[in-house]
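# Geometric and topological summary
Below are the chains, spelled out letter by letter.
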Amino acid sequence: MNESSRFVVLGVSGGIAAYKAVDICRRLVDEGCHVAPILTSEATRFVGAITFSALASEPAQTELYDVKSRIPHTRLGQEADVIVIAPTTANVLAKIANGIADDLLTNTVLASRAPLILAPAMHTEMWENPAVKANIATLRSRGVIIVDPEYGRLAGGDRGAGRLATTERIVEAVLSQVSGRANDLEGRRIVVTAGGTKEAIDPVRFLSNRSSGKQGHAIANAAARRGALVTLVTAASSVDADEGVTVVSVETAAEMLDGVHRVAAEADVVIMAAAVADFRPANPQGHKIKRSEGVPSIMLEPTVDILASLVEHRRDGQVIVGFAAETDDALEHGRAKLASKGCDLLVVNDVSEPGVGFNHETNSVVILEAGQDDVSTGLASKYSVANVLLDRVMRRLAQ
Ligand code: CTP
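Criteria and thresholds
- Every chain's residues receive numbers from 1 upward, in the order its sequence appears when written.
- Residue-level local features of this predicted model are given only where pLDDT is at least 70; pairs of side-chain atoms are given and counted only at 80 or more, and the full residue set underlies all totals for whole chains, interfaces and linings.
- Side-chain measures here rest on the full set of heavy atoms in the structure, leaving out hydrogens and waters.
- Where each domain starts and ends follows an automatic or database-derived domain assignment.
- Contacts were defined at the residue level, with two residues in contact if any of their heavy atoms lie within 4.5 Å.
- Buried area is calculated as the accessible area (1.4 Å probe) missing from two parts once they are joined, with the contributions of both summed.
- What is meant by a nonpolar core is a set of buried Ala, Val, Leu, Ile, Met, Phe, Trp, Tyr and Cys residues, joined one to another through side-chain atoms within 4.5 Å.
- Throughout this description, buried means an accessible area under 20% of the type-specific maximum (1.4 Å probe, protein chains only), exposed means over 50%, and partly exposed covers the range between.
- Helix numbers and strand numbers start at the N terminus; a helix is a DSSP run of H or I with at least 4 residues, a strand a run of E with at least 2.
- For helices, the fitted axis covers only the stretch in contact; all axes are lines through C-alpha atoms, and the angles between them, taken along N-to-C directions, range from 0 to 180 degrees.
- Any angle between 65 and 115 degrees counts as roughly perpendicular, while under 35 counts as roughly parallel, over 145 as roughly antiparallel, and the rest as oblique.
- Handedness of a crossing follows from how the near helix is turned relative to the far one, being left-handed for an anticlockwise turn of less than a right angle and right-handed for a clockwise one.
- Nearness of a residue to a molecule or strand requires only that one of the residue's heavy atoms be within 4 Å of it.
- For this analysis, a polar contact is any N or O atom pair within 3.5 Å, provided that within protein one partner can donate a hydrogen and the other can accept it, and provided that sequence-adjacent residues contribute only side-chain to side-chain pairs.
- Using the Shrake-Rupley algorithm and a 1.4 Å probe, accessible areas are obtained, with residue cover drawn only from the displayed protein chains.
- Under the scheme applied, nonpolar residues are Ala, Val, Leu, Ile, Met, Phe, Trp, Tyr, Cys and Pro; charged residues are Asp, Glu, Lys and Arg; polar residues are all the others, including Gly.

## Looking at the domain arrangement of the protein chain
Note: interface size is frequently given as the accessible area lost on complex formation between the parts. By domain assignment, the protein chain separates into domain 1 (7-179) and domain 2 (189-398). Computed from C-alpha atoms alone, the centre-to-centre distance between domain 1 and domain 2 is 37 Å. Contact residues are listed per partner, giving 4 residues for domain 1 and 4 residues for domain 2. A combined buried area of about 350 Å² lies between domain 1 and domain 2, and 41% of that area is made up of carbon and sulfur atoms.

## With respect to the nonpolar core
Within the largest apolar cluster, 33 residues are counted, with the highest numbers of intra-cluster contacts made by Phe 52 and Ile 170. Broken down by secondary-structure element, the contributors of at least two residues to this core are strand E1 (7-12), helix H1 (20-30), strand E2 (34-39), strand E3 (82-88), strand E4 (116-120) and helix H9 (167-178). Looking at this core element by element, the count peaks at 6 residues for H9. For Ile 170, the residues in contact, after removing those within four places along its chain, are Ile 24, Val 84, Ala 86, Ala 119, Val 147, Leu 164 and Ala 165. Among the nonpolar cores identified, the runner-up in size contains 32 residues, and Ile 190, Val 192, Ala 224 and Val 365 belong to it.

## Describing the packing of helix H5 (residues 90-97) against helix H8 (residues 130-141)
A pair of packed helices is captured by two measures, namely the crossing angle of their axes and the spacing between those axes. Orientation of H5 relative to H8, taken along the N-to-C sense of each, is 45°, at an axis distance of 9 Å. With respect to H8, the element H5 is oriented oblique. As H5 packs across H8, the resulting crossing turns out to be left-handed. Across from Ala 90, Leu 93, Ala 94, Ile 96 and Ala 97 in H5, the residues of H8 making contact are Val 132, Asn 135, Ile 136, Thr 138 and Leu 139.

## Overview of the site of the ligand
As a matter of local geometry, the ligand sits amid 15 residues, with Met 272, Ala 274, Leu 307, Lys 337 and Lys 341 nearest to it. A distance of 3.5 Å separates a nitrogen atom of the ligand from a polar backbone atom of Ala 277. Between the ligand and the protein, one listed contact pairs a nitrogen atom with a backbone N or O atom of Val 304 at 2.9 Å. Considering the ligand on its own, with 570 Å² of exposed area, one finds that the protein chains cover 75% of that surface. Taken together, the residues of the shell around the ligand sort by class into 9 nonpolar, 2 polar and 4 charged.

The following block contains the structure:
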């Protein structure tokens, strides 16, 4: 995607959460967006325009009557691929709901056909006020995307609904608009595996690995938000899945094999992000092995290669994705694995690099596909990596 198709107008209105918009600005630039910030005069009481100018793709604007640029609201409104206002105060919300345009931000909104995303932030009493609720309902009915505020600690130290949504949620709402990803996976059945399996030695001990399941969960959530019907077969101990995702919790490689095959036959896509054990104790003990029994010798036996079995039973047109977590010569091992496993796409990461793989919030992967150029994500959030992978899956499905 080229940068010109990601022109984001970032509106900031005057609430304490305005400081969080600085991070949103930086994240959108990191994601390759061209970010043009507009601050209301109230926003500048909370955070300086110069901060945004330093981080954004062009200087922050605050004035409707600016002698330097000609009719800025029309330029920004027309060029925008998306307008996001974070935070949106109750006042700005009311103005937009009623078509009032009395400053640069509200004029830009009115002078634009771009999708509009509002991330409200205000005190609970305001958020629950019938006038605000009515404005939200009006805006939603016009197709405005509302990134609902969250429950949490508010500026006054009290707790309640009204806290600005996380940077992650707001950035993803923007990215799904500019990338044409919204609902592009609608009706597709996608199976995702996640987490490291646990193989029992005895009732209290097991063999496992360092996988947290975060990348697999991010793929499942991203696919569901793009309209897919997602089944997540996960061995992770803590599961962070959206409501729309069907979760099948498993522990061992054998349970994962069973869980995946129950749903794979119907799936358009299977993504094996799980770190499945290659070996398991051949004779798990039924009782806790006591120290007094001496050091046990644990015989291992191989598990079934689930990915290979999926490839073997693949249905027509099904896209199968494998993962490879490597620690050296990652690309070389990855290419060999793509060929030997027979999957369509192979996602390789070098988990010895800082910030990559196990238990991090970020990842950096290269997506390999036979006969196609490699796609490299660079260091990005696991959610962004998930969307880049799903873009590639989408392309493959379309072939
Ligand atoms: N995988 C699987 N079943 C297994 C082991 C692995 O389906 N029993 C899948 C993983 O989910 C991943 C891919 O195979 O998508 C590659 O896993 P990896 O452990 O990197 O591959 P191996 O073939 O086990 O190779 P290595 O010798 O590097 O461990």
